[in-house]
Amino acid sequence: MQQKRIVILGAGESGAGAAVLARKEGFDVFVSDLSKISDKYKQLLNSHQIEWEEGQHTEEKILSADEVIKSPGIPDAAPMIVKIKERAIPIISEIEFAARYTHSKMVCITGSNGKTTTTSLIYHLFKKAGLDVGLAGNIGNSLALQVAEEPHACYVIELSSFQLDNMYEFKADVAVLLNITPDHLDRYDNCMQNYVDSKLRILQNQTASDVFIYWNDDPIIRRELGKYAVSAHCCPFSDKQEAGCEGYLADGQYVLEWPSRMVMPQEQLGLSGRHNIYNSLAAGLAAHAMGISDEVIREGLHDFPGVEHRLEKVATVRGVHYVNDSKATNVDACYYALESMKTKVVLIVGGKDKGNDYDPIKPLVAEKCSGIVYLGADNAKLHANFDQMGIPVRDTHSMKECVEACAQLASEGETVLLSPCCASFDLFRNMEDRGEQFKELVRAM
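Fair warning: this is a prediction, and the values are worked out from it, not measured in the lab.

Undergrad: Go over the side chain of Lys 42 with me, naming the residues and quoting the values.
TA: Tracing the chain through its elements places Lys 42 in helix 2 (residues 39-47). What Lys 42 contacts, discounting residues up to four positions off in sequence, is Lys 36, Ile 37, Trp 52 and Glu 54.

Undergrad: Explain the packing of helix 16 (residues 399-409) against helix 17 (residues 431-443) to me, using residue names and the numbers behind them.
TA: For the pair helix 16 and helix 17, the least separation of the axes is 10 Å and the interaxial angle reads 50 degrees. It follows from the interaxial angle that helix 16 and helix 17 lie oblique. Helix-helix and strand crossings are classified by hand; for helix 16 and helix 17 the assignment is right-handed. Each of Met 399, Lys 400 and Val 403 in helix 16 lies in contact with helix 17, whose residues at this interface are Arg 434, Gln 437, Phe 438, Leu 441 and Val 442.

Undergrad: I'd like a description of the sheet that holds strand 19 (residues 393-396), backed by residues and values.
TA: Strand order in the open sheet made by the 6 strands is 15-16-20-17-18-19, with mixed pairing throughout. Both outer strands of the open sheet, strand 15 (312-317) and strand 19, are each paired with one neighbouring strand and no more. Here the strands of the sheet are splayed against their neighbours by 20 degrees on average, with no regard to which way each runs. Pairing of strand 17 (residues 345-349) with strand 18 (residues 369-375), which is carried by 5 bridges, proceeds in the parallel orientation. Across the sheet, Val 345 pairs through a bridge with Cys 369, a residue of strand 18.

Undergrad: Can you lay out the environment of Ala 175 for me, pointing to particular residues and giving the numbers?
TA: Inspection of the secondary structure assignment puts Ala 175 in strand 9 (residues 174-177). Aside from chain neighbours lying at most four places away, what touches Ala 175 is Cys 108, Ile 202, Gln 206, Val 211, Phe 212 and Ile 213.

Undergrad: Please set out the pairing of strand 16 (residues 320-324) residue by residue, giving values where relevant.
TA: Of all the 5 residues making up strand 16, 4 are buried; the element is thus mostly covered by neighbouring parts of the structure. In this structure, strand 15 lies alongside strand 16, joined through 5 bridges in antiparallel fashion. Counted as the bridge partner of Lys 313 is Val 323 from strand 16. Between strand 15 and strand 16, which pair antiparallel in sequence order, lie 2 residues; one of them, Arg 318, sits at a positive phi of approximately 50 degrees. Here strand 16 pairs with strand 20 (residues 415-418) via 4 bridges, running parallel. Opposite Val 323, over in strand 20, you have Leu 417 as the bridge partner.

Undergrad: Which residues make up the pattern of salt bridges, and what are the values?
TA: By the definition in use, this model includes 28 salt bridges. The residue Asp 353 makes a salt bridge to Lys 381 at a minimum N-O spacing of 3.1 Å. Note that Asp 353 is positioned in the loop between strand 17 and helix 14 (362-368) and Lys 381 in helix 15 (residues 380-386), a separation of 28 residues in sequence. Residue Asp 353 is classed as partly exposed on the basis of its relative accessible area of 27%. Residue classification places Lys 381 among the partly exposed residues on the basis of a relative accessible area of 34%. Taken together, the shared-partner salt bridges in this structure form one network comprising Asp 217, Asp 239, Lys 240 and Glu 242.

Undergrad: Give a detailed account of the packing of aromatic side chains, specifying residues and quantitative values.
TA: In the structure shown here, the tally under the stated rule is 9 aromatic pairs. Grouped by ring-pair contacts, the aromatic residues Phe 27, Phe 97 and Tyr 101 constitute a single cluster. In this arrangement the basic side chain of Arg 187 is found over the ring face of Phe 162, its NZ or CZ atom lying 3.6 Å from the centre.

Undergrad: Quick one: what's the story with empty space enclosed by the protein, residue by residue and with numbers?
TA: Counting across every chain of the model gives 2 cavities of 30 Å³ or more. Taken as a whole, the largest cavity encloses approximately 80 Å³ of empty space. What lines the largest cavity is Asn 113, Gly 114, Leu 178, Asn 179, His 275, Tyr 278, Asn 279, Arg 310 and Tyr 336. The element contributing the most residues to the lining of the largest cavity is helix 11 (residues 274-289), with 3 residues. Size it by volume and the second largest cavity reaches roughly 50 Å³. Around the second largest cavity, the lining residues are Cys 108, Leu 159, Leu 164, Met 167, Phe 170, Lys 171, Ala 172, Arg 201, Ile 202 and Gln 204. When the residues that make up the lining of the second largest cavity are grouped by side-chain class, the tally is 7 nonpolar, 1 polar and 2 charged.

Undergrad: Break down the nonpolar core for me, with residues and values.
TA: Counting 54 residues, the largest nonpolar core has Leu 143 and Ile 157 as its most contacted members. Once you skip the residues sitting within four places of it in the chain, Ile 157 turns out to touch Ile 95, Met 106, Val 107, Cys 108, Ile 109, Thr 119, Ala 136, Gly 137, Leu 143 and Phe 170. Val 107, Met 262, Tyr 278 and Val 296 belong to the second-largest nonpolar core, a separate cluster that totals 39 residues.

Analysis parameters
- Residues numbered from 1 in each chain as written.
- Predicted model: local features only at pLDDT ≥ 70, side-chain atom pairs only at ≥ 80, totals over all residues.
- Heavy atoms only, no water.
- Helix = DSSP H or I, 4+ residues; strand = E, 2+ residues; numbered from the N terminus.
- Contact = heavy atoms within 4.5 Å.
- Axes fitted to C-alpha atoms, helices over the stretch in contact; angles between N-to-C directions.
- Parallel < 35°, antiparallel > 145°, perpendicular 65-115°, else oblique.
- Left-handed = near helix turned anticlockwise from the far one by under 90°.
- Pairing = 2+ DSSP bridges.
- Buried < 20%, exposed > 50% of the residue type's maximum accessible area, 1.4 Å probe, protein only.
- Salt bridge = Lys/Arg side-chain N within 4 Å of Asp/Glu carboxyl O.
- Phe/Tyr/Trp six-rings, centres within 6.5 Å; stacked < 30°, edge-to-face > 60°.
- Lys NZ or Arg CZ within 6 Å of the ring centre and 35° of its normal.
- 1 Å grid on protein atoms, 1.4 Å probe; cavity = no way out; pocket = protein on both sides within 12 Å on 5 of 7 lines; lining within 4 Å.
- Points joined across faces, edges and corners; volume = space filled by probe spheres on them.
- Nonpolar A, V, L, I, M, F, W, Y, C, P; charged D, E, K, R; others polar.
- Core = buried A, V, L, I, M, F, W, Y, C linked by side-chain atoms within 4.5 Å.

The structure is reproduced here in structure tokens:
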């Protein structure tokens, strides 16, 4: 009997991990990446005798696949993906593939904003409770690699819409949907409903024994849930006490009602800002759903240190506070960041636009910003949106120029906030690279 052939497109964390698992499970494996593969992943592939190529896609090797595992970063419009679909070769995600080879509990988090903070907080709570848990998806290590080489009883997985798009049989034991606001519309034919449908895929295959945690006050979620027959136990949460909500704030208290009542003072939560109240409620409900004690949840919610590149305090230089929020790659994330600011702000915005509508943040910009610094290869859309607001602006095309402009604009007591609303790929390798460059330049001032 001929070996089934698995082709993996993209040799980053997810692709390399999927390749190792596929080899372990006895598949004929080939990995192809149009870009250069990092030495770390070349070594991993070589150590498992996995064939790979970089800088090209060899059609005859790819189109001979029985199944293709696609990196979430590759759009459906990519020429090779189009050819694979024309051949009717199934395309799945690394998460979908990995789930076939494990019976571990899956706690999955998605949403337009707050995914990484909430995922990291849930992982923190699970570790504190002594659970055998792995961190995977958009953060942590490849789920497939962990299943292959370091299996855990439970996984906490951050899921993007791109990953959900290529998941079909996968099931979340605990699904968390934080919010849905416009994001990545350039990947969804500039159609919001396409993006919304992608996010709701987190519900697929859930049964009555599973749990679905969601923000009760999100208008899109409320509208969309009317279209679904949700089998899982529903745990809505809100920042106020509402009928049916299993998590909420009331009279300065953080309250969980399911599966038992837990209360702690809101002021003891380690994360500040309204958006982080939602993240903390979702995380607490997920921990409760997994049977973690009230004592551990209280302790973990209190001592969680936060996430790098998310409202990360960098330094105070000559009385000016610098905050790295490079993870704010859409308008809604920037809105929450601005809302949490207690001082006047010099806002850094810009990058690869994803079909952004900047109108929602304009009232906060008008109220809070003493200056705006554009940081992008092409800042024309930013000029069109913000120049007429009467706030001083600067046009920059590198992080060095940007930080210098911020230092000129900001007065003592103000905050320079890197919260770009955009993807980073026009000037930086990724969001982390953008945040690291910002921090390095600020600390060198």
